[in-house]
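Take a look at the letters that make up each chain.
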Amino acid sequence: MEKMASSAELKVLSIVGCGGLGKTILADQVYQSVKSQFSCAAFVTVSRNPDVKKIFRDIAKEVGIHENLSDHDLKQLIDELRKHLQEKRYLIVIDDIWDAKLWDTIKLALTNKNCESRVIATTRITAVASCLSSQGGNVYEMGSLSFEDSKRVLNNIGSALAKNPDAENMTAILSMSYFDIPPYLRTCLLYLSVFPEDYEIKKQHLINRWTAEGFIQEEEGRTKYEIGDDYFNDLINRSMIQPVDVKFGQAKACRVHDIILDYIKCKAAEENFVTSLDAAEHAYTSEYKVRRLCVSNHTEENVAIWANPNLSQVRPVTIFGQPVKTSLLPSPALRVLDLGYCRRMEEHHLASIEKLFHLKYFCLCSGFITKLPEKIGELQYLQTLDVRDGIIGQMHSLEELREYGVRSYEQGKSLQEFSKLTKLRTLKIEWNFDSLLEGSEELRQVEGCHRYVGALLSSCNLYNLYITDSSEDNNYPLSLDSWHPVASCSLRKLCIKECLIYKVPNWMGSLGNLVVLKLNAILCLRPEDVEILAAIPSLLFLELLTAGGTNGRITVHGRNGFRSLKYFSLLFYCCGTALDFQEGSMQNLEHVKLMFHVHKRECLNGASSLGIQHLSALSKVEIKISGNCVDDKNYEPTDRFSQATVPCVWNGGAANWVASAINSAVMSHPNRPTVRFETTSAEVCEHFEYAMREGNRLLGGLLTEWFKIWQIEEEQTQQEQTHGLTDEEEQTGGEEGEEEADIIEEEDTYEEEGEEQSAEEKEQQQREGNGSSN
């Protein structure tokens, strides 16, 4: 903190972390080691139900006020402290503060006379920490113990936390955090005791289960998922769960610390909230009716526990390990059935699934099941069906369907039925059609399936649509022009992966609610495509993959486009395109990720720094360069060839030239963004126009009509026919090759941030977006 600007001002350092992690010990260690550097110092503990006047009297006593203050009211105590501290350099530790409002009162007594005074506060609540340190302070998040340190405590705490006499203090600490949670949120926390130790729990998976159990309180104008997302973030804020896979402040998953998990497992058992059984024991001995059941079945298929009458009213069942037959399940009143952890489930295990009439949530993730029983359509109350593949019946409550496989025209025809699912919000489709030829019946069928998806966008209220083409031999491009969703379409996330696309369709620029867009891959990116993308008013996240740009250039203009964009990823899988960010472009962009090939300077068509210095809000840069270079995940560009870290021409050549130029642009940026370079070896230098001609030849001339649009000559030079554009010094006799694109899919939840815009702002942006796209 001494290194911070304006260090003479009062600064607050907040230490945040879950109960029992060592915040108080850390604060005390710092306090004891530095308090001699201050005129006066105080260490006071606040706790959950504080006596505010006592806190002020304790501070006064420790900082040297010796007069009797017992009769002073709150205002008099604050005045005495202000008077005493106004010319002093003081250090005050406020331990275990739970409420930001209390801090607003305490800081009234803390004068700010530029005496380099410091306050350290400990808290379990992230929001409180942020509030305390909001004016030029810092927040320090406590990490978990190291492996060696953890072996201090292993035998004393362990899995018998609540029963171990040595762990009474730890139990008391955790109980304070637990009982501070509102009852509805406490229920959601107890539910996490279903999952094993160190398990990564997907947020979407968890919220869907909370919804099916009826844990989420409805609010007018908000979906249950949105409310559940607030619950999830609140548990993170209270340090009760640990965020996992955090992108732009949003966690996609969580883990429960082992100590907290032990605690809530004990609580869940005490309250008969969750019952955990090992199928190997073949018996259930408790006298209580089971409400929620979690079974570890690592021994056999037909476990004997299902015959127990105490299981007759169980509502949710989660199975880990070996599969079980659904016909053996004990209760027709089941609401939740999670078989996602039974990896060897087969179709016969789903016998009589339709008898679970009240089922709301059904998860099934087995590669051995290729077809769901038709009677699954009788599950009229089903809200979430999480499966790898199958057919869908008339499940009118269905909100989410992931990994819906389409491997035949008959399966694709079922997409027509989805238009009846008015509550469907998330749909993930996986195509798998091979050996398609122009004019073939198979191709006409694929195009028909494709049109069904377009019709869904117009008839349903889809929020999230994912399409992946997993076909091995299919390189046939598809057009998105026929989809024509209305401008008021509710779509927020559109991800099209491994599907060749001719161009960005005009309608995309008018999607007023679209927040996340991934297009992988556009054959050739035109200036018109960039303008359409720039017109999407609410777009925060954009990920593109392309062979190249029209006439070898992609320019992002400084006009009023990409007004909301915060993340931009662009991967070139061929050489020969210059990228240029012009001044004023992407004014809110925080994170840029670029991947391209550089064998020689011509591979970037003359570009060097790419204009990264013009991205005014930039805070993070990631650059991946493939070419005549070695593999280096943390490559450091050098200013001089003689200083190259690799004693050869590789990373000291073209790759180093462009990396150095980009690095200089980043270093001169006023925001001083973080930057990371990665280099990979890719010997073949293939110009994108050459790749297009080769693709056109394989597709029987299908792309010829597009060559004029992309400004690509139909004929190629003799050198290109023989070598592509391989560097003359590196030519090896005309070898041809293709480099597989290695783009990392980064998924984030931007819907919340996008929804913060008012309806008025969205209407205005939509009107402007329509104007831009026209």
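Residues numbered from 1 in each chain as written. Predicted model: local features only at pLDDT ≥ 70, side-chain atom pairs only at ≥ 80, totals over all residues. Heavy atoms only, no water.

> Which parts of the structure should I look at to understand the overall build of the protein?
Secondary structure summary: the protein contains 20 helices and 27 strands in total. Considering only residue pairs separated by 6 or more positions, the protein has 64% of its internal contacts joining residues 24 or more positions apart. Roughly 35000 Å² of accessible area belongs to the protein as shown, and the carbon and sulfur atoms make up 46% of that amount. (Helix = DSSP H or I, 4+ residues; strand = E, 2+ residues; numbered from the N terminus. Contact = heavy atoms within 4.5 Å. Areas by Shrake-Rupley, 256 points an atom, 1.4 Å probe, with all protein chains shown as cover.)

> I would appreciate a short explanation of the packing of helix H2 (residues 52-62) against helix H3 (residues 74-85) in the present structure.
For any two helices packed against each other, the geometry is given by the interaxial angle and the distance between the axes. Two elements in contact, H2 and H3, have axes separated by 10 Å at closest approach and are oriented at 25°. On the basis of the axis angle, H2 is roughly parallel to H3. For the pair H2 and H3, the sense of crossing is left-handed. Mapping the contact onto sequence places Val 52, Lys 53, Phe 56, Arg 57, Ile 59 and Ala 60 in H2 and Leu 74, Leu 77, Ile 78 and Leu 81 in H3. (Axes fitted to C-alpha atoms, helices over the stretch in contact; angles between N-to-C directions. Parallel < 35°, antiparallel > 145°, perpendicular 65-115°, else oblique. Left-handed = near helix turned anticlockwise from the far one by under 90°.)

> Whenever I open this one, the sheet that holds strand S6 (residues 201-202) confuses me. Can you help?
Backbone hydrogen bonds hold the strands of a sheet together, and the pairing may be parallel or antiparallel. The strand order across the open sheet formed by three strands is S6-S8-S7, and the pairing between neighbours is antiparallel. Strands with a single pairing partner mark the edges of an open sheet, and in this sheet they are S6 and strand S7 (242-247). Those strands touched by helix H10 (residues 224-237) are S7 and strand S8 (250-255), and its axis lies near 65° from that of S8. (Pairing = 2+ DSSP bridges.)

> What should I look at first to understand the nonpolar core in this one?
Side chains of a nonpolar character, in soluble globular proteins, are inclined to be buried together. Counting residues in hydrophobic clusters, the biggest one holds 105 residues, and the most contacted among them are Phe 362, Met 508 and Phe 596. By size, the runner-up hydrophobic cluster in this structure holds 55 residues, among which are Tyr 31, Leu 174, Phe 232 and Ile 236. (Core = buried A, V, L, I, M, F, W, Y, C linked by side-chain atoms within 4.5 Å. Buried < 20%, exposed > 50% of the residue type's maximum accessible area, 1.4 Å probe, protein only.)

> Whenever I open this one, the packing of aromatic side chains confuses me. Can you help?
For any pair of aromatic rings, the description consists of the separation of the ring centres together with the inter-plane angle of the planes. Counted by the stated rule, this structure contains 15 aromatic pairs. With a centroid separation of 5.0 Å and 45° between ring planes, the pair formed by Tyr 184 and Tyr 231 is classed as tilted. With Tyr 184 in helix H8 (residues 183-191) and Tyr 231 in helix H10, the pair connects residues that are 47 residues apart, well separated along the chain. Owing to a relative accessible area of 6%, Tyr 231 belongs among the buried residues under this scheme. (Phe/Tyr/Trp six-rings, centres within 6.5 Å; stacked < 30°, edge-to-face > 60°.)

> Any chance you could explain the pattern of salt bridges here in plain terms?
Pairing between side chains becomes possible if they bear opposite charge and their charged atoms approach one another. Taken as a whole, this structure holds 25 salt bridges when the rule is applied. Residue Lys 75 is joined to Asp 79 by a salt bridge in which the shortest nitrogen-to-oxygen separation is 3.1 Å. Highlighted residues: Lys 75 and Asp 79, both in helix H3, separated by four residues, approximately one helical turn. Residue classification places Asp 79 among the partly exposed residues on the basis of a relative accessible area of 38%. The residue Glu 116 makes a salt bridge to Arg 89 at a minimum N-O spacing of 3.6 Å. Of the two residues, Glu 116 is situated in the loop between helix H4 (100-106) and strand S4 (118-123) and Arg 89 in the loop between H3 and strand S3 (90-95); the sequence distance between them amounts to 27 residues. The partly exposed category is assigned to Glu 116, whose relative accessible area is 30%. Where salt bridges share partners, they join Glu 622, Lys 633, Arg 676 and Glu 678 into one cluster. (Salt bridge = Lys/Arg side-chain N within 4 Å of Asp/Glu carboxyl O.)

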